[in-house]
Amino acid sequence: MTTPPTPSPTPVPHMTPDQFREVGRRVVDWIADYMDRVKGLPVRAGVEPGQVASMLPGHAPAKGEGWDTILADLERVVLPGITHWQSPRFFGYFPCNTTGPAILADMVSSALNAQGMMWSTSPAVTEIETRVLDWLADILGLPDKFRSDAQTTRDGRTLRGGGVIQGTASESSLVCLLAARARAARALPGLSIDAMTVYTSTQAHSSIAKDARVAGIAERNLRLVPTRADFSMDPDALARMMREDTERGLTPVFVCATVGTTSSGAIDPVRAIGTICRERGAWLHVDAAYAGAASVCPEFRPVLNDGLDLADSYVFNPHKWLLTTFDCSTLWVESREAIIDALSITPEYLRNAASDAGSVIDYRDWQIPLGRRFRSLKLWFVLRHYGVEGLRSYIREHVRLGELLEGLVDADDRFERPADRCLSLVTFRLKGADARSKALMERVNATREAFLSHTVLPDPETSESRYTIRMAIGAVGVGEEDIRRTWAIIAREAGNV
Ligand code: PLP
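What you see is a predicted model, and the numbers here were worked out from it, not measured in a lab. (Residues numbered from 1 in each chain as written. Predicted model: local features only at pLDDT ≥ 70, side-chain atom pairs only at ≥ 80, totals over all residues. Heavy atoms only, no water.)

A. How the structure looks around the overall build of the chain. Per the secondary structure count, the chain includes 16 helices and 13 strands. Taking 23 Å as the expected radius of gyration for a compact globule of 497 residues, we find that the chain reaches 25 Å, a close match to that expectation. Projected onto the principal axes, the alpha-carbon positions of the chain cover approximately 70 × 70 × 45 Å. In the chain, buried positions account for 51% of the 497 residues. Nonlocal contacts in the chain, meaning residues at least 24 apart in sequence, comprise 75% of its contacts between residues at least 6 apart. Mean positive and mean negative side-chain charge positions of the chain (56 and 62 charges, respectively) differ by 1 Å. (Helix = DSSP H or I, 4+ residues; strand = E, 2+ residues; numbered from the N terminus. Rg over C-alpha atoms; globule rule 2.2 N^0.38 Å. Buried < 20%, exposed > 50% of the residue type's maximum accessible area, 1.4 Å probe, protein only. Contact = heavy atoms within 4.5 Å. Lys, Arg positive; Asp, Glu negative; His and termini not counted. Charge placed at Lys NZ, Arg CZ, Asp CG, Glu CD.)

Structure representation (structure tokens):
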């Protein structure tokens with residue numbers, strides 16, 4: 001590349017360590033104040049489309065600005081356009097936890113900014129991740145085969161397990177689908193991708209359909225398996241669909257079971273599904289994005305973990321309901337080779353002695369991007385700050401609040417609950433026309449005192465989609481008072497629709 005002669009540059013206005021200390025203290029103070037005042041802020045953002053952008057100049061500043069001006073814009077520009085996911089009365093979607101230990105770890109991670117793409121590029125990034133995911137597998141009571149030191153034998157092959165942190169459950173599931181696709185292609189040379197079929201329930205998260213699309217699975221080969229009355233996958237229907245596909249010359253390669261569906265928290269019968277997958281040689285992936293966090297409590301494991309010994313992979317998101325700042329999606333596989341076979345490409349410029357010797361984990365081969373942040377630091381800090389007992393108390397308290405809410409809904413005969421409560425997720429609607437439930441939710445959210453979200457659930461008798469309000473309890477600071485106050489608003493507004 002030829003460029004004109006470079007003029008002598010003016011000094012670059014880097015922030016000095018002392019300036020960082022001074023401004024950093026102000027930012028930490030701002031964060032601590034935010035943690036304190038978030039309970040009093042309107043939960044939902046109150047801006048119109050374009051309003052935030054209109055407060056920003058059309059061009060970046062030519063000269064650097066002062067920190068008083070920059071920090072003032074947190075209040076003026078940013079906060080009005082924020083929906084406060086950390087509000088104790090945020091009940092929409094699923095929770096998205098953040099906590100002091102995780103924020104501090106993210107600060108350190110940002111400061112080090114080490115690329116953990118390979119062991120050799122920063123051994124601590126890899127080794128802490130591997131160890132912390134082994135800890136977490138134990139804390140959740142996952143099968144030993146998912147541990148990094150596990151070796152299992154299947155079909156005469158030795159498989160080595162292990163865990164890895166991905167950005168999101170969508171990516172985790174995609175990685176597994178790609179591994180399943182590669183495994184099937186290797187097992188059946190000549191198998192075309194057009195002949196591969198993928199299965200998940202009609203209630204599975206949309207990320208699975210998106211992953212299938214990204215993986216090149218034809219839309220006609222994605223099977224949405226019907227569900228039973230409790231919205232869990234019907235294993236008989238799965239077995240029938242897989243049999244019919246096989247008879248038509250297609251090859252079932254991947255099944256995703258959900259433990260805790262997004263709409264209602266339904267739990268697919270993983271053991272029955274796993275048995276079918278083993279018969280057909282299909283990869284079983286378990287998506288427990290939200291509910292998996294509750295496996296820290298032994299009492300929930302008989303339901304949440306049943307059948308995981310038959311799964312090839314398992315994902316849950318500590319960034320949802322386990323106190324760890326976004327992004328942190330933890331994925332375990334029985335066969336790291338399957339993932340590496342699907343994703344590893346080694347150009348000369350990434351070669352190094354440790355990788356060549358095969359003695360280390362290179363997480364770049366377990367994910368889609370090359371680069372990766374030091375995400376395990378926040379999980380490590382969280383686990384060390386709270387300890388296993390702290391995690392259990394946290395989950396149990398939210399499940400108790402879920403029971404409280406369930407009781408409040410049931411005590412008001414204007415409402416019905418279309419699905420059983422799943423841990424801290426409660427679904428409900430007004431009896432009668434859907435329009436009333438929709439209006440109710442909009443009125444509650446318009447108060448900005450609480451935030452709810454909605455879904456549709458099929459009526460088991462008519463199969464008609466019914467508007468359903470979801471309340472997912474899981475904000476870090478939520479307490480009984482927040483549930484009672486929110487229910488009082490819901491009960492009041494129900495009288496106005
Ligand atoms: N799976 C389930 C069951 C979910 O509920 C969600 C999101 O709520 C996802 C997957 C997608 O999660 P992510 O945003 O981590 O991709």
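B. Up close: the packing of helix α6 (residues 169–187) against helix α7 (residues 206–214). Two numbers describe how α6 lies on α7: the axes approach to 9 Å, and their chain directions differ by 45°. With respect to each other, α6 and α7 are oriented oblique. Two packed elements cross with a definite hand, and for α6 against α7 that hand is right-handed. Contacts between α6 and α7 pair S170, S173, L174 and L177 from the former with S207, I208, D211, A212 and V214 from the latter. (Axes fitted to C-alpha atoms, helices over the stretch in contact; angles between N-to-C directions. Parallel < 35°, antiparallel > 145°, perpendicular 65-115°, else oblique. Left-handed = near helix turned anticlockwise from the far one by under 90°.)

C. The arrangement of the packing of aromatic side chains in detail. The tally for this structure, following the rule as stated, stands at 14 aromatic pairs. When the centroid spacing of 6.1 Å and the interplanar angle of 40° are considered together, the rings of W380 and F381 count as tilted. Classification of W380 by relative accessible area gives partly exposed; the value is 22%. Note on F381: relative accessible area 26%, which makes it partly exposed. Each residue in the set W85, F90, Y93 and F451 is aromatic and connected to the rest through ring pairs, giving one cluster. Over the aromatic face of W380 sits the side chain of R384, whose NZ or CZ is 4.5 Å from the ring centroid. The lysine or arginine in question, R470, covers the ring of F94, its NZ or CZ lying 4.8 Å from the ring centre. (Phe/Tyr/Trp six-rings, centres within 6.5 Å; stacked < 30°, edge-to-face > 60°. Lys NZ or Arg CZ within 6 Å of the ring centre and 35° of its normal.)

D. Focus on a nonpolar patch on the surface. Nonpolar side chains collect at one region of the surface, where V28, L104, M107, V108 and L112 lie side by side and expose about 410 Å² of accessible area between them. If you tally residues by element for the nonpolar patch, the top one is helix α4 (residues 100–112), at four residues. Mapping L112 onto the fold places it in helix α4. (Patch = residues over 30% accessible without salt bridge, like charges linked within 9 Å, V, L, I, M, F, W, Y side chains within 5 Å. Areas by Shrake-Rupley, 256 points an atom, 1.4 Å probe, with all protein chains shown as cover. Salt bridge = Lys/Arg side-chain N within 4 Å of Asp/Glu carboxyl O.)

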